[in-house]
Amino acid sequence: MISALAAFWMGGNIFAAGLAWLVIPRTSLSFQLGSLTFSSWRVFVLLCSLPSLTSALVYALGMPESPKFLMETGQEEEALRVFERMFQWNLRGTARSCPVRRLLIPTIEKPSSKFYNTRVDWLKDQLLKGTDPIRKIFSRKLAPTSAVLSVIFFSISFGFYGLWMWFPELLKRIDISGGSACSTNWSSPSSQGTENVTCYPVRTAVYKEGFILAAANLPGNIFSILMMDLLGGKLLLCTSLFLSGLSVFFIWEVKTKIQSLVMSCLFSAISVVSWNSLDVVSMELYPTNLRSSAFGVFSGINRIASILGNVAFGELVDAHCTVPILLVAFVLFIGSLAGLKLPNIKNRELS
């Protein structure tokens, strides 16, 4: 189910790439709003914000809280209402009523009231309470798993965003130099001096290639949905990370723009299996009351690694193209090896 939900990330990528291809080249869509000129790219950004806004409204108004979480936190009445809602939805059109009247709720120790001498003491206590889930994630029992997952999240984020976001630049270099992306015939704009560059007329090729790259995730998503329960998340994660790192080496053999586009699509299709597997594994390795906190911590690591990957690739690609490519491959291989240390969760009941 998590793999199926992760496919919507691919759907969003395809939607954004297709919308960019449809909207940005059409300068006739520009309009004036007071002193602000809404050019076609601003119209594109505005349209891209609509799904986020509507999703937030739908989630806030129509999505109930997890009943398991409500039970874990001792909220029996709220959990029972969610179960009744689920029962009515699943058996809509029938006259049956929900047979459940009570739930077995684990005993929850109510915190005793505390007196604080100063506001600083109160603030310290609130900080300790807020960081308590993070301390539990890195406690002695979960510390090895959390450390391994941190390495994997860093590896896949650094490698994927470090390379995938720079594929358009590599395609451009192949198109200009007529050879490999690391060809010595390429010279950076800084070495050629400054020149006036205009955004018009808009070149549509980059948006077409972006759409193809986004659509290349579809086979990987279908594969992970069908094979996740059969092979297990750990095997898919380790294998896909290793193959992603291996596919990076084909950049040296790329000589034409078409070959580069095919290689980019291959990397995207394999990498998305890693992402889907990691989503499943990271959620199943933690108890219910810590999953949200764990996902938040790893999302933070994800963002940091993504920024570092982009910055490192951008800084090194002009100095020597080989260095960032080898770095991405090395980091992905590290993530694959780290995945071998994860416990096997296939067919294991969730806690």
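Coordinates for the structure precede this section.
Residues numbered from 1 in each chain as written. Predicted model: local features only at pLDDT ≥ 70, side-chain atom pairs only at ≥ 80, totals over all residues. Heavy atoms only, no water.

## Re helix α8 (residues 205–215)
Here comes step 1: Of all the positions in α8, only Glu209, Leu213 and Ala214 are classed as buried. Angular distribution of buried residues about the axis of α8 spans 140 degrees; they occupy a single face of the element. (Buried < 20%, exposed > 50% of the residue type's maximum accessible area, 1.4 Å probe, protein only. Helix = DSSP H or I, 4+ residues; strand = E, 2+ residues; numbered from the N terminus. Arc of directions from axis to C-beta.)

## A short note on the pattern of salt bridges
Here comes step 1: This model, assessed by the stated rule, comprises two salt bridges.
Here comes step 2: Across the salt bridge formed by Asp132 and Arg135, the nearest N and O atoms sit 3.2 Å from each other. Residue Asp132 and its partner Arg135 are both found in helix α5 (residues 119–137); the two are separated by three residues, about one turn of the helix.
Here comes step 3: Asp132 sits in the partly exposed class, given a relative accessible area of 26%.
Here comes step 4: The exposure class of Arg135 is partly exposed, given its relative accessible area of 41%.
Here comes step 5: Here Lys136 and Asp132 are joined by a salt bridge, their closest N and O atoms 3.3 Å apart. Placement of the pair is Lys136 and Asp132 together in helix α5, with a separation of four residues, close to one helical turn.
Here comes step 6: Among the charged side chains, a salt-bridge network with shared partners connects Asp132, Arg135 and Lys136. (Salt bridge = Lys/Arg side-chain N within 4 Å of Asp/Glu carboxyl O.)

## Thoughts on the side chain of Ser155
Here comes step 1: Take Ser155: it is sitting in helix α6 (residues 143–164).
Here comes step 2: If we ignore the near neighbours within four places in the chain, the residues touching Ser155 are Val331, Leu332, Ile334 and Gly335. (Contact = heavy atoms within 4.5 Å.)

## What to know about the environment of Ile325
Here comes step 1: The topology assignment puts Ile325 in helix α13 (residues 322–339).
Here comes step 2: Here the alpha-carbon distance between Ile325 and Ile251, two residues 74 residues apart in the chain, equals 8.2 Å.

Spatial relationships are all this shows, so hold off on functional conclusions.
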